[in-house]
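# Observations on chain architecture
One letter stands for each residue in the lines below.
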Amino acid sequence: MTNFRSRLLFALVSLIVTVLICLGILLGQLFKDFYLETMNKRIEKEAKMIALLLGSETIEAARPQVQNMSKTLSARITVLDEKERTLLDTGRIANISDDDHEQIVRDILHSKSEKNLSIMEEKQNVYYYIVPFSRAGKEAGYVILSTPVSSLKKINQQIWGVLISSLGMALIVIILLGLKIANQYMKPIEAATKVAFELARGNYKARVYETHNDETGMLTHSINILARNLQEMSKIQEMQTDRLHTLIENVGSGLILIDSRGYINLVNRAYKEIFHIRPVDYLHRLYTEVFAHKEIIKLVDEIFMKETKIRKQLVLTVDIDRKYFEVYGAPIIGTNDEWKGIVLVFHDITELKKLEQMRKDFVANVSHELKTPITSIKGFAETLLDGAMKDERALEHFLSIILKESERLQSLIQDLLDLSKIEQHGFQLRIEQVNLTQLLTELIVMFYGKAEEKNIHLHLSAASPIYVAGDSDRLKQIFINLITNALTYTPKDGRVEVRVEEQLDEVLVHVEDTGIGIEENEIPRIFERFYRVDKARSRNSGGTGLGLAIVKHLVEAHHGYITVKSRIGQGTIFTVHFPKEA
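So, how was this worked out
Residues numbered from 1 in each chain as written. Predicted model: local features only at pLDDT ≥ 70, side-chain atom pairs only at ≥ 80, totals over all residues. Heavy atoms only, no water. Helix = DSSP H or I, 4+ residues; strand = E, 2+ residues; numbered from the N terminus. Buried < 20%, exposed > 50% of the residue type's maximum accessible area, 1.4 Å probe, protein only. Contact = heavy atoms within 4.5 Å. Areas by Shrake-Rupley, 256 points an atom, 1.4 Å probe, with all protein chains shown as cover. Axes fitted to C-alpha atoms, helices over the stretch in contact; angles between N-to-C directions. Left-handed = near helix turned anticlockwise from the far one by under 90°. Nonpolar A, V, L, I, M, F, W, Y, C, P; charged D, E, K, R; others polar. Salt bridge = Lys/Arg side-chain N within 4 Å of Asp/Glu carboxyl O. Pairing = 2+ DSSP bridges. Phe/Tyr/Trp six-rings, centres within 6.5 Å; stacked < 30°, edge-to-face > 60°.

### Quick notes on the overall build of the protein chain
Helix and strand content of the protein chain: 14 helices and 17 strands. Counting the 582 residues in the protein chain, one finds 38% classified as buried. Long-range pairs, those at least 24 residues apart, make up 57% of the contacts in the protein chain between residues at least 6 apart in sequence. Counting only carbon and sulfur atoms, one obtains 55% of the accessible surface of the protein chain, whose full area is about 34800 Å².

Written as structure tokens, this is what we have:
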């Protein structure tokens, strides 16, 4: 705005100076021409008066009067007779000799064809006025008045001095008035411009000081009204935005907004928690690049093509879990049927499906698991009652089988009770600082005998004592199950290693084996109740199929989670993640 003021003042001053210069030149020329014309007329009249004097008197009688007139007029008066002889000369008044003076006069006279008229010429910076005079009706000679040009130059300089001083004063006065007027009108405009810039930046609290009732006052008043309206609109929009943001972030279902070009513009908190993703990996990227599940991409493609609402139930693998979702997708159509994009809502119905499936599976699995030991116990008892008890060797063998099956039945019932207790809402852990390194060392010692039976190299890799917040008994239960499974599914001469790794915000415990491995499509199901990777081997080992389900629930009770990596024939790595701050 300062630059604008400077440019405006510069333009005005330039215009005023140009006008004043042109006016000065015009007035100077007019004054010069007016003065010169007036002087010529005056001198011409004076020369004619001298001619009238000489026409009525003799030269000698008129000489004193001519001398006085020469001094009064500051001019050289020369009188020639009809034959151009000098009769009277008042003397030189310029730097011109008498001979040159006479020669100039004669040259002027000879150059004119009519010598009975007044002649005015400028020669060598001297003005010559020649007027003929007569006596008794006859031409008697010429009267010559010569005056130097310097007198005219002096008058011209005085004229220009007066013009320059007067126009200069006028210029100063005009500039001062212009500055005052510019400040009076520019300050409100500058203030209004600054406030407009602040409003453009989003500062709707800016205001302009209202002073005048003229056009600038109307401008500042209008800007203040605009600022107040924008502030009110901004408050309303912020309130609506906060409400919408709170609603979207706190809704229990995952929500994703995709624009008309296929780029993801919004991901709410529920979706991030359900799928364990980072917003930076999703926002402002194409949905075909970020969605890991082909089912979701296919659903979005279908909505784009059909432009209709779609509701589907999808089974998706998230990390190591299989989750059930009811996905609702709808196109967003604006005014004038303008295509805005797509909204996807993910309702997690995994728990409902699990409860439904658990009701179906529990009876079948428990019945199946209980049927085998009960059938064995019943069959061998009947055999003994039929007379086999008389055979001592058969009696001992059958009783050992009955004992083994009863122990298996007891183990199954105990695991069911543990799992039921863990899943109860009132289940609580006895949290304390547990030395994880010491706890795992004690467990490894417990399993040395079992490892030696299969010639398996069992090793613990841990640094200095590492502490986590947890229940020591439940932590032992977690790692007993994991190490037992590793030893069970690892063939002879294999290797089982337990590694503890401390990171910035969590502690990782890896249980790695060189066993039979798990197929990729089976990994999401291994934490289900009664699910076995190798059913024959696990049943022969006395496993109940509930160990990993118990492990998963206990790890989650410690606010951690468990991941699995496995390759068929090469081994499996179970990694338990414990947060450092419980």
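### Thoughts on the packing of helix H12 (residues 472-488) against helix H14 (residues 547-557)
Interhelical geometry of H12 versus H14 gives an angle of 145° and a closest axis separation of 9 Å. The two elements H12 and H14 cross, and the hand of that crossing is left-handed. Residues Arg474, Gln477, Ile478, Asn481, Leu482 and Asn485 of H12 lie in contact with H14, whose contacting residues are Gly547, Leu548, Ile550, Val551, Leu554 and Val555. Of the residues belonging to the contact of H12 with H14, the class tally is seven nonpolar, four polar and one charged.

### Some points on the side chain of Lys323
If you trace the backbone, Lys323 turns up in strand E9 (residues 321-333). Not counting residues up to four positions away in its chain, the partners in contact with Lys323 are Ile274, Leu314, Val315, Leu316, Val318, Asp348 and Thr350.

### Observations regarding the pattern of salt bridges
All chains considered together, the criterion is met by 14 salt bridges. The residue Glu326 makes a salt bridge to Arg311 at a minimum N-O spacing of 4.0 Å. In this pair, Glu326 sits in strand E9 while Arg311 sits in strand E8 (residues 310-318), placing the two residues 15 residues apart along the sequence. Exposure remark for Glu326: the relative accessible area of 22% places this residue in the partly exposed category. Overall, the relative accessible area of 52% leaves Arg311 in the exposed class. Residue Lys580 is joined to Glu502 by a salt bridge in which the shortest nitrogen-to-oxygen separation is 3.2 Å. You can see Lys580 sitting in the segment after strand E17 (571-579) and its partner Glu502 sitting in strand E14 (residues 495-502), a full 78 residues away along the chain.

### Notes on the sheet that holds E8
Strand order in the open sheet formed by five strands is E7-E6-E10-E9-E8, and the pairing between neighbours is antiparallel. Each end of this open sheet is capped by a strand with a single partner; those strands are strand E7 (264-267) and E8. The sheet shows a mean angle of 25° between the axes of neighbouring strands, direction not considered. For strand E6 (residues 254-259) and E7, the ladder comprises three bridges, and the chain directions are antiparallel. Its bridge partner lying in E7, Ile258 is registered against Ile264.

### Quick look at the sheet that holds E17
Pairing in this open sheet of five strands is mixed, and the strands run E12-E14-E15-E17-E16 from one edge to the other. A strand with exactly one partner marks an edge of an open sheet, and here the two such strands are strand E12 (457-461) and strand E16 (561-567). Adjacent strand axes in the sheet meet at a mean angle of 10° when their direction is disregarded. Note that E12 and E14 share five bridges and pair parallel. Its bridge partner being in E14, His457 is matched across the sheet by Arg495.

### Digging into the packing of aromatic side chains
The tally for this structure, following the rule as stated, stands at 10 aromatic pairs. When the centroid spacing of 5.7 Å and the interplanar angle of 80° are considered together, the rings of Phe275 and Phe346 count as edge-to-face. Note that Phe275 is positioned in helix H6 (residues 269-275) and Phe346 in strand E10 (residues 339-348), a separation of 71 residues in sequence. Each of the two residues, Phe275 as well as Phe346, counts as buried. An angle of 85° between the planes, with centres 6.2 Å apart, marks the rings of Phe325 and Phe346 as edge-to-face. Of this pair, Phe325 sits in strand E9 while Phe346 is found in strand E10, placing the two residues 21 residues apart along the sequence. An aromatic cluster is present here, built from Tyr271, Phe275, Tyr282, Phe291, Phe325 and Phe346 joined pairwise through their rings.

### Digging into unusual backbone geometry
For His284, which is not a glycine, the phi torsion comes out positive at approximately 60°. Considering the arrangement of structural elements, one finds His284 in the loop between H6 and helix H7 (287-290). For His284, a relative accessible area of 58% puts it in the exposed group. Despite not being glycine, Asp493 shows a phi value in the positive range, around 65°. Tracing the chain through its elements places Asp493 in the loop between H12 and E14.

Nothing here speaks to function; it is all geometry.
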